[in-house]
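Descriptive analysis of the structure
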2 protein chains.
Amino acid sequence: MDATTTELSASLEDYLEAIYQVIAERGEARAKDISVRLGVAASSVTNALQGLVKRELVQHAPYDQIALTEQGEQIARNVVRRHEVLTDFFTDVLSVDPDTAATAACKIEHVVGDTIVERLVEYIKYDQRCNHGGATWVEGKGFVCRNALDTRALCDECTAQGFCRFLGPPTEEGA
Amino acid sequence: MDATTTELSASLEDYLEAIYQVIAERGEARAKDISVRLGVAASSVTNALQGLVKRELVQHAPYDQIALTEQGEQIARNVVRRHEVLTDFFTDVLSVDPDTAATAACKIEHVVGDTIVERLVEYIKYDQRCNHGGATWVEGKGFVCRNALDTRALCDECTAQGFCRFLGPPTEEGA
DNA sequence: CAACATTGTTAGCCTTGTCTAAAAAGGCTT
DNA sequence: AAGCCTTTTTAGACAAGGCTAACAATGTTG
């Protein structure tokens with residue numbers, strides 16, 4: 001089995017993520033921590049660890065601590081990043097409540113590809129920097145652009161400057 | 001087994017979706033169509049059908065056509081809807097290319113919850129109706145609000161009207 | 001209507017991932 | 001160092017879902 005090529009299952013990604021986070025929080029990770037965090041039987045952890053060790057993503061001698069290999073840590077970081085990006089997007093852009101956002105991110109993080117994630121990152125940045133673009137969720141009304149809520153103040157400023165003040169002057173690409 | 005309560009696996013959702021689409025396209029569905037569409041062995045289809053029949057989501061006598069029950073069709077429609085919403089969001093809002101969008105939607109449709117889907121719907125609507133809010137992906141630049149691309153025309157209009165012209169006047173909720 | 005091609009089903013195997021129960025290892029505590 | 005409690009591992013079962021190979025039904029066509 002080629003460890004570098006094989007796609008990792010959602011389940012194994014979850015283990016990797018949990019290991020990474022426990023190490024980050026506690027300094028070290030033991031099987032118990034993982035089983036508690038994932039709500040899974042201890043034997044399931046042993047089982048998963050064997051798979052991860054075989055793939056060289058984890059270092060683990062029986063009855064000992066759990067550590068990530070270089071490779072494993074990289075994958076874990078990636079999963080965490082996807083999780084964070086999704087969470088941020090759901091809460092900041094879509095104004096979804098934190099619990100729902102977290103739950104959704106936990107599932108989607110295992111299936112979303114890089115292209116989408118990077119676009120989401122850009123979209124979040126856009127939403128943060130541009131008072132034109134940023135919309136706000138208003139219950140019973142849908143998404144409303146901030147200009148519509150903040151009186152005309154921003155629009156005046158926009159006109160005065162002739163461009164979106166956070167992006168620089170208009171480009172020639174415009175219609 | 002309580003057919004109404006049990007969560008459906010991603011795999012069975014895929015079968016349901018395929019059956020729905022084949023019926024929509026061809027008027028009827030047979031096992032072969034499904035195996036071809038999903039790229040799966042014929043026996044896998046038989047197998048899945050048994051599960052779906054047991055759950056009363058599909059009607060199917062051996063060697064006969066495949067039909068959806070009321071229940072099954074409802075679930076199928078739901079999956080299709082999630083797929084479409086995701087695809088639209090990825091292409092229209094995030095400007096991701098159609099292939100990537102479709103691939104991502106195929107996977108995410110099985111794990112995304114209703115709350116997020118409905119927010120995405122609203123966001124797409126917002127993006128379509130509000131020239132303030134709508135952003136456009138510009139390669140090498142990120143998302144740029146349409147105002148920044150379209151010269152100041154829209155901004156002038158915005159100022160003249162004092163509000164986002166697609167949403168009505170500013171509300172008191174504004175800061 | 002009989003032969004053959006296509007389609008569908010069955011049977012049996014494999015992998016992944018979970019569980020429980022039982023055994024083994026480690027670590028405290030006296 | 002002996003005993004006890006916790007943690008880990010092993011062993012074995014099970015469900016899902018996929019595959020191949022073999023068999024059965026259907027249907028088409030001389």
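What you see is a predicted model; the values in this text were computed from it and never measured.

Bringing the overall build of chain A into the picture now. Helix and strand content of chain A: 8 helices and 4 strands. For chain A, the N- to C-terminal ordering of α and β elements is α-α-α-β-β-α-α-α-β-β-α-α. When the 175 residues of chain A are sorted by exposure, 47% land in the buried category. Sequence-distant contacts in chain A: of pairs separated by 6 or more residues, those separated by 24 or more amount to 51%. Carbon and sulfur atoms provide 49% of the accessible area of chain A, an area that totals close to 8,800 Å².

Around DNA strand D sit 18 residues, and of these Lys32(A), His60(A), Ser9(B), Ser43(B) and Ser44(B) come closest. Sugar plus phosphate: this is where 76% of the atoms of DNA strand D within 4 Å of the protein reside. Contact distances for DNA strand D include 2.8 Å between a phosphate oxygen and a backbone N or O atom of Ala41(B). Of all the secondary-structure elements, those providing two or more residues to the surface near DNA strand D are α2 (31–38) and α3 (42–54) of chain A together with α1 (10–26) and α3 (42–54) of chain B. Here the surface near DNA strand D takes 4 residues from α3(A), the largest share from any one element.

Our focus in this paragraph is the side chain of Asp33(A). Following the sequence through the fold, Asp33(A) ends up in helix α2. Every residue in contact with Asp33(A), bar those within four places of it in the chain, is listed here: Val22(A), Arg26(A) and Glu28(A).

So, on to the packing of helix α4 (residues 70–93) of chain B against helix α5 (residues 98–108) of chain B. All names here are of chain B. Where α4 contacts α5, the axes come no closer than 8 Å and their chain directions differ by 145°. Crossing hand, α4 versus α5: right-handed. Across the interface between the two elements, His-83, Leu-86, Thr-87, Phe-90 and Thr-91 from α4 touch Pro-98, Ala-101, Ala-102, Ala-104, Ala-105, Cys-106 and Ile-108 from α5. Considered class by class, the residues forming the contact of α4 with α5 number 9 nonpolar, 3 polar and no charged.

Turning next to the confidence of the model for chain A. Of all residues in chain A, 75% attain a pLDDT of 70 or more, and the chain-wide mean is 83. Low pLDDT (under 50) marks residues 150–175 of chain A, which in the prediction has 51 contacts with non-local residues, meaning those over four places away or in another chain.

Next up on the list: the protein's contact with DNA strand C. Near DNA strand C you find 19 residues, and of these Ser9(A), Ser43(A), Ser44(A), Arg30(B) and Lys32(B) are the closest. Counting only atoms of DNA strand C within 4 Å of the protein, the fraction found in sugar and phosphate groups is 71%. A distance of 2.4 Å separates a phosphate oxygen of DNA strand C from a polar atom in the side chain of Ser9(A). Between a sugar or linking oxygen of DNA strand C and a side-chain N or O atom of Tyr63(A), the distance comes to 3.5 Å. Taken together, the elements giving at least two residues each to the surface near DNA strand C come down to α1 (10–26) and α3 of chain A together with α2 (31–38) and α3 of chain B. Of the residues that constitute the surface near DNA strand C, the class distribution is 8 nonpolar, 9 polar and 2 charged.

Okay, the pattern of salt bridges next. Scanning the entire structure with this criterion turns up 14 salt bridges over all chains. Its salt-bridge partner being Arg82(A), residue Glu13(A) comes within 3.2 Å of it at the nearest N-O pair. Placement of the pair is Glu13(A) in helix α1 and Arg82(A) in helix α4 (residues 70–93), with a sequence separation of 69 residues. The salt bridge involving Arg81(B) is made with Glu118(B); its shortest N-O contact spans 3.0 Å. Here the residue Arg81(B) occupies a position in helix α4, and Glu118(B) occupies one in helix α6 (residues 114–129), the gap between them amounting to 37 residues.

A few words on the environment of His110(B). Residue and element names in this part refer to chain B. Relative to the helices and strands, His-110 resides in the loop between α5 and α6. As for His-110 and His-83, which are separated by 27 residues in sequence, their C-alpha atoms are 8.7 Å apart. Contacts of His-110, omitting those with residues within four sequence positions, involve Ala-10, Glu-13, Asp-14 and Val-79. Within the structure, His-110 has its side chain in polar contact with the side chain of Asp-14 (distance 2.8 Å). A polar contact of 3.2 Å, which involves the side chain of His-110, links it to the backbone oxygen of Cys-106.

It is worth spelling out the environment of Phe90(B) at this point. By the secondary structure assignment, Phe90(B) is in helix α4. According to the relative accessible area criterion, Phe90(B) is buried, its value standing at 5%. Measuring from C-alpha to C-alpha, the distance between Phe90(B) and Ala102(B) comes to 8.6 Å, with 12 residues separating the pair along the chain. Sequence-distant contacts of Phe90(B), defined by excluding residues within four places in its chain, comprise Ile116(A), Ser95(B), Val96(B), Ala101(B), Ala104(B), Ala105(B) and Ile108(B).

Reading the values: rules and limits
Residues numbered from 1 in each chain as written. Chains lettered and ligands numbered in written order. Predicted model: local features only at pLDDT ≥ 70, side-chain atom pairs only at ≥ 80, totals over all residues. Heavy atoms only, no water. Helix = DSSP H or I, 4+ residues; strand = E, 2+ residues; numbered from the N terminus. Buried < 20%, exposed > 50% of the residue type's maximum accessible area, 1.4 Å probe, protein only. Contact = heavy atoms within 4.5 Å. Areas by Shrake-Rupley, 256 points an atom, 1.4 Å probe, with all protein chains shown as cover. Near = heavy atom within 4 Å. Polar contact = N/O pair within 3.5 Å; in protein donor to acceptor, adjacent residues only side chain to side chain. Axes fitted to C-alpha atoms, helices over the stretch in contact; angles between N-to-C directions. Left-handed = near helix turned anticlockwise from the far one by under 90°. Nonpolar A, V, L, I, M, F, W, Y, C, P; charged D, E, K, R; others polar. pLDDT = per-residue confidence, 0-100. Salt bridge = Lys/Arg side-chain N within 4 Å of Asp/Glu carboxyl O.

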